[in-house]
Amino acid sequence: MRQYKIAFIGLGSIGKRHFNNVCTFLEERGDFYEIDLYRSNLLHELPQEIVEKAHQQILYETPVADGLVYDVVFITNPTSMHYDTIRKFIGHAKSFFIEKPIFDSTDVDESILDSLKGIPAYVACPLRYNPVLQYVKNHIDYNKAIAVRAISSSYLPDWRPGQDYRKCYSAHREMGGGVGIDLIHEWDYLTHFFGMPSKVFSIQDQISSLEITSDDIAIYIAKTKTATIELHLDYFGRKTLRSMDLFLPEDTIHCDIAGGTIHYLKEGKEIVLNAERNSFQLAEIKHFFDIIDGKIENDSDVRHAYQVLKLTRGII
């Protein structure tokens, strides 16, 4: 049984989800917690269940109190604020959970990564815990793949029901939006399986009729030590597609991440899995606490996350 002092920086949709999952996980484990909420605007109302569980709400612009050190700081505010937020809370955190992507630009002072040495600083990668990708990790000899083809295609206006897509950060380049960086999950799991590529070529542009200033398509061709990788990302696909095809010597395996199925195309075998979104995001919270409790190594540190960010820009 432990007591955690936690700060959440930003309470948008993903921040609320992480907040609820953290509370659920710690309560089920029998631990105690005290959570401070740092918010850019205290006038925006939060759901009552969050208000009741929070210790206090603090205006983000308020300096962090001298001597105040949190066991965990969750950075879940807009990507464009991550760099400054990390700088603000260094010295006030024993560990960080940073929502992906780590920054909105590769044009940053990289010494900030060195300043995080010695403490667990984990960058979110929840898609790794999707049951389909967990099946690939545990049951398929994916290192035998000589070619990999992946896609994530969906319609941006459908992403956030009830919200004007033109006002969300995804629609605005200056806020860190753009399909290449927004769907950084794909490069994260691909590099997790196959390592960093030695070559990459990309096309990134805004080509649809969506009213946005950010790129709505990103296409990559890459080469690792063992395989070629093709990756297609877009904001305009009217039918959601999220999958990975593995071309192995003995079979071609279609991994439907969105649909929760694995198809061995030659053998004709199908595996059906539970792909409910929150189940793997809750699994990631458990994984993160195992890291900060010293039970496992940090497998998504800031250096790796920064390399993946550069990769989304077509930079090796």
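Residues numbered from 1 in each chain as written. Predicted model: local features only at pLDDT ≥ 70, side-chain atom pairs only at ≥ 80, totals over all residues. Heavy atoms only, no water.

By the naming in an unreviewed UniProt entry, the protein is Oxidoreductase, taken from Segatella copri.

K.L.:
Could you give an account of the packing of helix α5 (residues 131-139) against helix α7 (residues 184-194), naming the residues involved and the relevant values?
P.N.:
The geometry of α5 relative to α7 is characterised by a closest axis approach of 12 Å and an angle of 10° between their N-to-C directions. Viewed along their axes, α5 and α7 adopt a mutual orientation that is roughly parallel. Here L133, V136 and K137 of α5 come into contact with α7, specifically with Y189, H192 and F193. (Axes fitted to C-alpha atoms, helices over the stretch in contact; angles between N-to-C directions. Helix = DSSP H or I, 4+ residues; strand = E, 2+ residues; numbered from the N terminus. Parallel < 35°, antiparallel > 145°, perpendicular 65-115°, else oblique. Contact = heavy atoms within 4.5 Å.)

K.L.:
I'd love a proper account of the environment of F89, names of residues and values included.
P.N.:
By the element assignment, F89 lies in helix α3 (residues 82-89). Look at F89 and you get buried, because its relative accessible area is 0%. (Buried < 20%, exposed > 50% of the residue type's maximum accessible area, 1.4 Å probe, protein only.)

K.L.:
Tell me about the pattern of salt bridges, and please be specific about residues and values.
P.N.:
A complete count under the given rule lists 20 salt bridges for this structure. A salt bridge links K144 to D141, with the nearest nitrogen and oxygen atoms 3.9 Å apart. Through salt bridges with shared partners, a single ionic network connects R2, R29, D31 and D293. (Salt bridge = Lys/Arg side-chain N within 4 Å of Asp/Glu carboxyl O.)

K.L.:
Give a detailed account of the pairing of strand β7 (residues 147-155), specifying residues and quantitative values.
P.N.:
Of all nine residues making up β7, seven are buried, and the element is well covered by its neighbours. Where β7 and strand β10 (residues 228-234) come together, seven bridges link them in parallel fashion. Directly across from S153, in β10, lies its bridge partner D234. In terms of strand pairing, β7 meets strand β11 (residues 236-247) through eight bridges, oriented antiparallel. Counted as the bridge partner of A150 is M244 from β11. (Pairing = 2+ DSSP bridges.)

K.L.:
Any details on the packing of aromatic side chains? Residues and values, ideally.
P.N.:
Applying the stated criterion to the full structure yields 20 aromatic pairs. For the ring pair Y83 and F103, a centre distance of 5.7 Å and an interplane angle of 65° mean the geometry is edge-to-face. Here F103 lies in the loop between β5 (96-98) and α4 (111-114) and Y83 lies in helix α3, a separation of 20 residues in the sequence. In this structure Y83 comes out as buried when scored by relative accessible area, which is 18%. Residue F103 is classed as buried on the basis of its relative accessible area of 2%. (Phe/Tyr/Trp six-rings, centres within 6.5 Å; stacked < 30°, edge-to-face > 60°.)

K.L.:
Please give an account of the UniProt feature "domain: Gfo/Idh/MocA-like oxidoreductase N-terminal" (unreviewed entry) in the protein that cites residues and values.
P.N.:
Feature annotation in UniProt places "domain: Gfo/Idh/MocA-like oxidoreductase N-terminal" (unreviewed entry) on residues 5-105, given in this structure's numbering. As a span, residues 5-105 carries 31% helix and 24% strand, and end to end its C-alpha atoms are 30 Å apart. (UniProt positions renumbered as here; feature names shortened; annotations may be inferred.)

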